[in-house]
Every structure is written in structure tokens, then in C-alpha cells.
Amino acid sequence: MRDENKILLDLYKDFRVADVRDGMDWIGYHNFGSMSPEVRPLFRTRAVGVARTARYLPFVGPYPEKRGDEYTEWQGWYYWKVCTYPWMDEIEDGDFMAIDVSGVNVGLMGSENTLRAVQRGVRGFVTNGSGIRDTDEVILQKVPVWSSFVAQSMVQCKIQFDQKDVPVAIGGVSVFPGDVIVADGDGVICVPRAVAHDVAKYAGMILSDDKKTRRKLYEALGRTPDDTV
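About the thresholds
- Residues numbered from 1 in each chain as written.
- Predicted model: local features only at pLDDT ≥ 70, side-chain atom pairs only at ≥ 80, totals over all residues.
- Heavy atoms only, no water.
- Helix = DSSP H or I, 4+ residues; strand = E, 2+ residues; numbered from the N terminus.
- Rg over C-alpha atoms; globule rule 2.2 N^0.38 Å.
- Buried < 20%, exposed > 50% of the residue type's maximum accessible area, 1.4 Å probe, protein only.
- Expected span 1.5 Å × (residues − 1).
- Contact = heavy atoms within 4.5 Å.
- Pairing = 2+ DSSP bridges.
- Right-handed = clockwise from strand over helix to strand, strands pointing away.
- Axes fitted to C-alpha atoms, helices over the stretch in contact; angles between N-to-C directions.
- Parallel < 35°, antiparallel > 145°, perpendicular 65-115°, else oblique.
- Left-handed = near helix turned anticlockwise from the far one by under 90°.
- Nonpolar A, V, L, I, M, F, W, Y, C, P; charged D, E, K, R; others polar.

Student: Account for the overall build of the chain, with residues named and values stated.
Tutor: Across its full length, the chain carries six helices and ten strands. For 229 residues, the compact-globule formula gives about 17 Å, and the C-alpha radius of gyration of the chain, at 19 Å, lands near that figure. In terms of overall dimensions, the chain has C-alpha extents of about 70 × 35 × 30 Å along its principal axes. The buried share among the 229 residues of the chain stands at 48%.

Right, dumping it as C-alpha cells:
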């Protein structure tokens, strides 16, 4: 992991999406960063990472006139030549995969390849449209994923790889490689790398003030303090 990425991940490790949203507002980024409310977590969790991006486009054909064993052979070719994952081997610890699947209802990621990405150091996934299936297993494996909906289908005849490490659009937000992504039950927010330190300054202020105020309320209510205060 690059040194600057380590610094950013350490700065943002405790922030909630709400803190980061406020931090963005504090420096004038009122209408940028927050992805559409339709981009939701598969389960209640949180993740912080540095954006690594990939873009897939709708498949343009032709569709195969194959069935059975011939289709098995063809789909192997499809994964090898058409819908590839060239970014998988380049993942670094701390990456947050932002995958643009062009809004297509397709299960690009599932129980096996999300876990393989986690093994390489991915902190979470966010996609537009779907891009995720096998969700029961993904939840069981505690892989953090945010998407607009879930899919059933594999990738064949649906999408094709376009580019990696390029700007992508997810949930109405431009995501550039190297941006900071924070995601939790409130959704997903993307912080441009150029202003990440400034945003962290004010997000930290917001979080600190919130903890102090809520800690006093805990005491008044006789509640046992937890990690949030």
C-alpha cells in the first residue's frame, strides 16, 4: 500500500458517512460526493478504502448459437476474452472497488470472486445497477457490498470489460482512482483525493463533538458507554 494511501485510510478509519458529508459541506462541496440513496448495503456494515475503478459496457454481440457442452466451452472463452477481470491481480490492501456495470442487471461479482478480492486486500465494493449476486453467501462471508439491487444472472451476453483505473460514474457521482470512499448504513460517499485532508479535518471535528455530546446523554440516561462514544 502506498504511504499516502495509508495516511488517508488512517485519517478516515473512524468516520461515519454523516461525518464525511458534513466535512464536504464545510469546504463547499455541498452537491458532490453522496451517491444516490438507491445505492444501499447488502447488510449493515461499514467500510473505508481508496478507490480502484473498473468499467464494463453492455455486450454488443453476437449471441452464441450454442447449447449444453458447446455453451460450456463458449462461456469459458467469454470469461477469458470478453468479460475479463484484469484489475483483480492489481488490488492493493486498502482498495475499495468502484465498478461501473453501466446499470446492467448482471452478477459480475459473487461469492467466490468477492472473497478472492478480499484475500488480496479489498475493503469493499460499490456498483451502479447491480453487479452482485450470490448475496446469501456474500452476506455470510461478511464481504461489504453496496449496490442499487441484486442480480441472478452471470455475465455471458450481458456485459464486456471496457477499462480499468479510469473515472467511473456510480450513483450520480464521479469516482476517480485514488479518491476516498466511505460507506455504511447511510449509503456511500466519495471524497476527491485533492481535498481529502481538508474534509478529514472537519469530519474529525464533527465526530469529536458528536461523541462528547452523546457521551453526556449516555451518562444522564445511565447507559453503559460503547465504542460510538
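What follows picks up the thread again.
Student: So what about helix H6 (residues 196-221)? Which residues, and what values?
Tutor: An ideal rise of 1.5 Å per residue puts 38 Å on 26 residues; H6 measures up with 36 Å between its terminal C-alpha atoms. Residues of H6 that are buried sit in contact with helix H1 (3-12), helix H2 (17-26), strand S9 (180-184) and strand S10 (187-191).

Student: Give a detailed account of the side chain of threonine 114, specifying residues and quantitative values.
Tutor: With respect to the secondary-structure elements, threonine 114 resides in helix H4 (residues 111-120). Excluding its chain neighbours within four sequence positions, the residues that come into contact with threonine 114 are Met109, Phe125, Ile132, Val138, Gln141 and Val143.

Student: Now, about the pairing of strand S3 (residues 95-100): what can you tell me, with residues and values included?
Tutor: The element S3 is largely enclosed, with a buried count of six among its six residues. Taking every second residue as pointing to the same face, both faces of S3 are buried, with Asp95, Met97 and Ile99 on one and Phe96, Ala98 and Asp100 on the other. Sheet analysis places strand S2 (residues 47-58) next to S3, joined by six bridges and oriented parallel. Within the sheet, the bridge partner assigned to alanine 51 lies in S3 and is phenylalanine 96. With respect to chirality, the unit in which S2 leads through helix H3 (residues 68-81) into the neighbouring parallel S3 is right-handed.

Student: Break down the packing of H1 against H6 for me, with residues and values.
Tutor: Running from N to C, H1 and H6 point in directions that differ by 20°, and their axes come no closer than 10 Å. With respect to H6, the axis of H1 lies roughly parallel. The two elements H1 and H6 meet at a crossing, and its hand is left-handed. Of the residues in H6, those touching H1 at Glu4, Ile7, Leu8, Leu11 and Tyr12 are Ala196, His197, Val199 and Ala200. Of the residues that constitute the contact of H1 with H6, the class distribution is seven nonpolar, one polar and one charged.

Student: Summarise the environment of methionine 154; cite the residues concerned and give the values.
Tutor: If you trace the backbone, methionine 154 turns up in the loop between strand S5 (145-147) and strand S6 (159-164). Separated by 21 residues in sequence, methionine 154 and arginine 133 place their C-alpha atoms 8.5 Å apart.

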